[in-house]
Amino acid sequence: MGDMANSTVDFYPKNQRRELNHAGGFGCTLSELRSLMELRGAEAIQKVQEAYTDVSGLCRRLKTSPTEGISDNTADLEKRRQIYGQNLIPPKKPKTFLQLVWEALQDVTLIILEIAAIISLGLAFYAPPGEESEACGNVASGGENEGESEAGWIEGAAILLSVICVVLVTAFNDWSKEKQFRGLQSRIEQEQKFTVIRNGQQVQIPVSELVVGDIAQVKYGDLLPADGVLIQGNDLKIDESSLTGESDHVRKSVDKDPMLLSGKQQDGAVENNQNKAKKQDGAVAMEMQPLKSAEGGEMEEREKKKTSVPKKEKSVLQGKLTKLAVQIGKAGLVMSAITVIILVLYFVIETFVIAGRTWLAECTPVYVQYFVKFFIIGVTVLVVAVPEGLPLAVTISLAYSVKKMMKDNNLVRHLDACETMGNATAICSDKTGTLTTNRMTVVQSYMGDTHYKEAPDPSNLTPKTLDLLVHAIAINSAYTTKILPPEKEGGLPRQVGNKTECALLGFVVGLQRDYQPVREQIPEEKLYKVYTFNSVRKSMSTVTCMPDGGYRLFSKGASEIVLKKCTNILNSNGELRSFRPRDRDEMVRKVIEPMACDGLRTICIAYRDFPAGKEPDWDNENDIVIDLTCIAVVGIEDPVRPEVPDAIRKCQRAGITVRMVTGDNINTARAIAAKCGIIQPGEDFLCLEGKEFNRRIRNEKGEIEQERLDKIWPKLRVLARSSPTDKHTLVKGIIDSTIGDQRQVVAVTGDGTNDGPALKKADVGFAMGIAGTDVAKEASDIILTDDNFSSIVKAVMWGRNVYDSISKFLQFQLTVNVVAVIVAFTGACITQDSPLKAVQMLWVNLIMDTFASLALATEPPTEALLLRKPYGRNKPLISRTMMKNILGHAVYQLTIIFTLLFVGEVFFDIDSGRNAPLHSPPSEHYTIIFNTFVMMQLFNEINARKIHGERNVFNGIFGNPIFCSIVLGTFGIQVIAAIPTSQLKCLKEAGHGPSKDEITDEEMAEDEEEIDHAERELRRGQILWFRGLNRIQTQIRVVKAFRSSLYGGLEKPDTKTSIHNFMTTPEFLINDYIHNIPLIDDTDVEESECPPRRCFRASPPPSPNKNNNAIDSGIYLSTVVSKTPTSSSSPVSPLHSMETSL
C-alpha cells in the first residue's frame, strides 16, 4: 500500500537481493511485486491470474492468510523487512552545520566586512623594511609606539570575530529550527496508525511498521499507507487525483481493478465522495495486501517535479537590508577613498613641494610606510561606515521572535517568514478547522411538526419517533464513527470518524440516549446491504433484516434530495401522515431555507419498511430508495471559533484583507463569513463559487487573464465550492497583480495535500499542525500547532515587531556610523589622525552595537502594532521620522565632539591631543572625546526605542529587562575602561621588581641598549617615549635611592617646572657623558614653540600631563639618561638603571 520506499534498493545489490528473496522462502521477489503494482485494471487481473491464479494464491506465496493475516512473530516481521524493505520514505538528509555556516557566509554585508578585516590584518603584520634617514623628513609621523603597533591586529581580528559570531548564530538558528521541525515531523508520524489483522486479531500499528504480507482494513476517509491488492470490498472508491489528476473517484473491485496505491484518499469531509467499506462476510473487512513499492518513492518525485514552484523571492526585509547594506558600503568606500586621497595629497605637497625634498631611493620604504598608514585610516573609515551589527541584529531579532512565537502556537520553519508576515496585506484562509472548530454540531431540528431552535427535550417527543431516530442514526453511519469521552477533565467529547455523523451521534447523546447498545444488537456484519455516500446520490442508506423476515431501510442525506423521495412524514404523535409536493415546498420555505440562511447544513433522516416475502432487487437503487417516511430534518453547523471574529477585526484594522476559500456551499460559506466578520452588511463585496470565478477570469480559450482577475480579487471575500487549483489561481493572481501601488503580500492557510501548490506560491504558507497532511506541512513556512486563526494574528504582530526592532536598531546604528565616519574623516584630514582610534571605533561599533542589537531586538510586541497599515514592499526601510532622528542626533553629537576636539583643552585646562604624531600614546583630551562619544551613543540607545515619532521614549522600558541590563552593563564597562590606571590602587603595587642590589650586569647592558634607543628617539625630536607600567614599577626603589643620594643638600626638584630648566640646573648638566649628541632639537628648546605632545614636563602633581602613562604610576621624577662609556666600571651608580623619563 504505502510508499514503501526503495530503502532495500540501497541496501542490497541486485543479484544479492534475488538470492535473499529465494533464501527468504517467499514465492515472490521484490521486482515481481514492483512490476505487478505498475499495472492497472484488466492487465493487473490478467497478471495476477497468470502468476498466482488469484489473489489468495498471492497470499499463499507471501505466507499470509486472507482472514488471519500474518503471525505477529518478530523474527518473521524482521525477515520481511529485510527482504522487502520498510514502509517509510527515507527522510531528506538534513543540512550539516557546515553547510548552514557556508550559507550564512553568503551575506553581502558580511562579505564586505571580511574583505575589510583581511586587509586590516594584512597591514597590521606588514613591517616596513629599512630605517628612515634624515633626508626622508619626518612629516607629522613618529616612530610607532610599540604598544600600538603590537595592537594593530586587534582591529582586523575584532571584525573577523564579529563575522564569526553572526555566522555561527545564524547557522545555529537554522540548525535548531530544522531539528525542531524534524521532531514535530516524527511526532506526527508516530501518531499515524493503521488497522491490520495479525493472528486473526485487529491491531492498530504505526504506518511505518507495516510489512509486505500484512492484511489491512480500510475504512472510508483513510489515506492508504502502502500499495496493495484488494482482497475483498464493498462499493470501494478511491480518489486517485493526486496521482492521475482525474478528479472523479475510481471504483475498485476484486474482479475489475484490485490495485490500490498508497497515499490515495478514500475521502475526507462529507462534501467529497465517501466510499464506505462495509463488512459483509465474516469478520474480514475490505482488505488490502500491502506490497513493497519503490514506485511510491519515484511517483512522489515525479509529483514534486510537476508541482515544483520557482524559489520564492527574497523576503521584504532581506531585500531592503541587502540594498541598504550595499548603499552604505558604497558610501563608506567613497568616504574612505576621499580620506586616503586627501591624506596622500597633504603628505606629498608638504614633503615634496613645501619642504622641497626629492624622492630618494633609500627613502622609498619610509614613504611606503606613510602610505600604508593612510590606507589603514581609510580602512578604518570604511569599517566604521559598514554596520557590522546589522546582520546580527536581524538574526537575533528573528531568532528571539521565533522562540517566542513557539509559545503562541506558531512553529516557524523559515526564519524570514515571520518578518514577511508583518507585511502581509491579504490572508486567504480555509474555513473548516481554521475559522471554525471543525466539530460539527446539530443546532436546529424539525421533528413531529415542530421546529426546535435548540436541542429538544426528550420528553416532548413520542417514544416511537425517538426510537426510530436513534436507530436511523446509530445504524446508518460508519461503525467507526464514535463519540468518545474527553481526554481532559471538563473538555469536549472527542469526535472520531466522519464529522457529520459525529454531529448526529452527538444529537442522540444530547437526547439522553445511547447509540452503542443499538450497534451491539445489530453488528456491522449483520447489515444486509449498504449504499455508501457519494457526491452523486448525496445520501447514504443501510438495509437491515427485521425479526418478521421483512427489511427496513434507513436513509440520510442532503434534505433537498431525500425529501423529494419522501411520501410520508411522522407527525407529533409519531404516526404517519402523507407528505405531498406542496407540503414539501412549504417545508423548504419555512424550515430548510431559514436553516440554510443561518449557515446550517440540513440533513434529512428517513426510513422505509419492506414487507416479508418477495425480496426486492437490491441493485436497482432507484426503486429501493423511494417512498420514504421522513423522521426528522436537522441543521448542522461547524460553529465559528469564539476568538475568530475578534482576530479578524484586528486584521482588518491592521490593513489586512481576510478572504475565505472553502469547498463548502455558498450559503453556508456566506453565513460563516458574516459571523466571522469577513463580510459586513453594506460593504461592496463579492461571494463567488468556483465555477463562476473561473468563468469570470478566463477568456474564450479558457486561459486565465490577469486583467480579468484584477477586476475581481479586490472585492472578492468568499470563494465557495473551490478546488485547490482555484485557490492557487487566486493566490498567484493577487501576488502578480500590479493594480495597487504596492505589490500584495499574501498569506495562505491550508491543511490538505492539494493545498501544497498554493502554500508554496504564497509569501507565507500556514499549515495546520493537527489537521494538516505532511505534504502541506512540508510546503509551508509556519505551522499552526493549534490550527487556530487567532495564532495568525499573533504571527502578524511578531512579524511587525521584527521589522520595527530592526528599524530601531538601524536608527541607532546609523547615527553612530554617520557621526563616527564624519569625525574620522574630518579628524584625519585636519589633524592627520582620527580622534577616535580604530580600536575605540570598533569597541563602539562591535561591542556596543552588538549589545544594542540584542537590547533593541528583544523589545516585546504590543497590540499597538496592529493599529497601523502594513509597510509594503516599496516603502524605504528608513522612514522620514527616522531620518529626522538620525540627522538631528548626528548634528547634536558632531557639534559636541568638534567643540571638544578643537577647544576642549581650553575648557578642561589640559594638554591638547591634536597634531600628535600618529600612534602616540592616548591623551587625556582624546579620552574625554571618546567617553563623551560613547555616553551619547548609550543615551541614544534609549531614544532609538521609538521610531514613529512618539514623545515618551521611556514608555514600557521596564517591560524589557534585557534592555535595562544591557544599558547599565555597557555603562559599567565603559566607566571601568576609561579609569586611568593610577586610580586603581590594587594594580599599583603589583610587579615591584628586584631591588637595586639584585640588578645584574646583563640587565644593565640591556638597559644601555634601550638607552641608546632612547637617544635615537630623542634625536628624532621625540622625547615622549615610554615603557610599560611594569618597567616603571621595577625601577621605583632605584629612583628612591637616586633621590636620597643625589639630592643630599640640594633643593628638591619640585621647582624644576620643565625639563628645560631642569636641564639647566648645574648639578644636572651631563655634558661630559654625551658625545655631541644634541639632547633636544633646537626647535624644542623654547617651551612656547614646543608642540603639545612632544613637550615634556616633569611638573609635580598640580598639573601633571596625563599624556604620558608614566605619570599614572605616581612617580614624579625626571632624568634624562645617556649612554656612558664608564657604565660597566660603576655598576652601583643608580643612574645606569634609570630609563624612565618623566
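Draft legend 1. Region of the structure containing the overall build of the protein. Secondary structure assignment for the protein yields 40 helices and 27 strands. Taken across its 1142 residues, the protein has 52% of its residues classed as buried. A sequence separation of at least 24 residues applies to 75% of the contacts in the protein between residues at least 6 apart.

Draft legend 2. Looking closely at the pattern of salt bridges. Under the counting rule described, the total for this entry stands at 27 salt bridges. Put simply, Glu-692 and Arg-695 hold a salt bridge, and the shortest N to O gap is 2.8 Å. With a gap of 3 residues between them, Glu-692 and Arg-695 both fall in helix 25 (residues 690–697), about one helical turn apart. Accessibility expressed as a relative area gives 25% for Glu-692, which makes it partly exposed.

Draft legend 3. Geometry of helix 27 (residues 724–736). For helix 27, with 13 residues, the first-to-last C-alpha span of 18 Å sits near the 18 Å given by 1.5 Å per residue. Every buried residue belonging to helix 27 is among Asp-726, Lys-727, Thr-729, Leu-730, Val-731, Gly-733, Ile-734 and Ile-735, and all of these are buried.

Draft legend 4. Molecular detail of the pairing of strand 25 (residues 746–750). Among the 5 residues of strand 25, 5 are classified as buried, and the element is accordingly described as predominantly covered. Side chains Val-746, Val-748 and Gly-750 project from strand 25 onto one buried face, and the interleaved Ala-747 and Thr-749 project onto a second face that is buried too. When strand 25 meets strand 26 (residues 764–768), the two strands line up parallel, connected through 4 bridges. Bridge pairing in strand 26 links Ala-747 to Val-764. With respect to chirality, the unit in which strand 25 leads through helix 28 (residues 756–761) into the neighbouring parallel strand 26 is right-handed.

Draft legend 5. Layout of the packing of aromatic side chains. In this structure the tally under the stated criterion is 10 aromatic pairs. With a centroid separation of 5.9 Å and 35° between ring planes, the pair formed by Phe-172 and Trp-175 is classed as tilted. Linking Phe-172 with Trp-175, this pair stays in helix 10 (residues 152–191), spanning 3 residues, or about one helical turn. Owing to a relative accessible area of 46%, Phe-172 belongs among the partly exposed residues under this scheme. By relative accessible area, Trp-175 is classed as partly exposed at 33%. Arranged with centres 5.5 Å apart and planes meeting at 80°, the rings of Phe-610 and Trp-618 form a pair that is edge-to-face. An identical accessibility class is assigned to Phe-610 and Trp-618; each is buried. Put simply, the rings of Tyr-528, Tyr-551, Phe-610 and Trp-618 touch in pairs and so form one group of aromatic residues. One Lys or Arg, Lys-63, reaches over the ring of Phe-26 and ends 5.5 Å from the middle of that ring. Directly above the ring of Tyr-871 sits Arg-868, whose terminal nitrogen or CZ lies 4.1 Å from the centroid.

Draft legend 6. Region of the structure containing the confidence of the model for the protein. Taken over all residues, the pLDDT of the protein has a mean of 75, while the share at 70 or more is 73%. Within the model, pLDDT remains below 50 along residues 1013–1030, and this stretch shows 44 contacts once partners closer than five positions in the same chain are excluded. Scored below 50 in pLDDT, residues 1049–1142 makes 158 contacts in the model with residues more than four places away or belonging to other chains.

Draft legend 7. Inspection of the side chain of Asp-430 at higher detail. Topologically, Asp-430 is positioned in the loop between strand 10 (426–429) and strand 11 (441–447). Side-chain polar atoms of Asp-430 contact the side chain of Lys-727, separated by 2.6 Å.

Reading the values: the criteria
- Residues numbered from 1 in each chain as written.
- Predicted model: local features only at pLDDT ≥ 70, side-chain atom pairs only at ≥ 80, totals over all residues.
- Heavy atoms only, no water.
- Helix = DSSP H or I, 4+ residues; strand = E, 2+ residues; numbered from the N terminus.
- Buried < 20%, exposed > 50% of the residue type's maximum accessible area, 1.4 Å probe, protein only.
- Contact = heavy atoms within 4.5 Å.
- Salt bridge = Lys/Arg side-chain N within 4 Å of Asp/Glu carboxyl O.
- Expected span 1.5 Å × (residues − 1).
- Pairing = 2+ DSSP bridges.
- Right-handed = clockwise from strand over helix to strand, strands pointing away.
- Phe/Tyr/Trp six-rings, centres within 6.5 Å; stacked < 30°, edge-to-face > 60°.
- Lys NZ or Arg CZ within 6 Å of the ring centre and 35° of its normal.
- pLDDT = per-residue confidence, 0-100.
- Polar contact = N/O pair within 3.5 Å; in protein donor to acceptor, adjacent residues only side chain to side chain.

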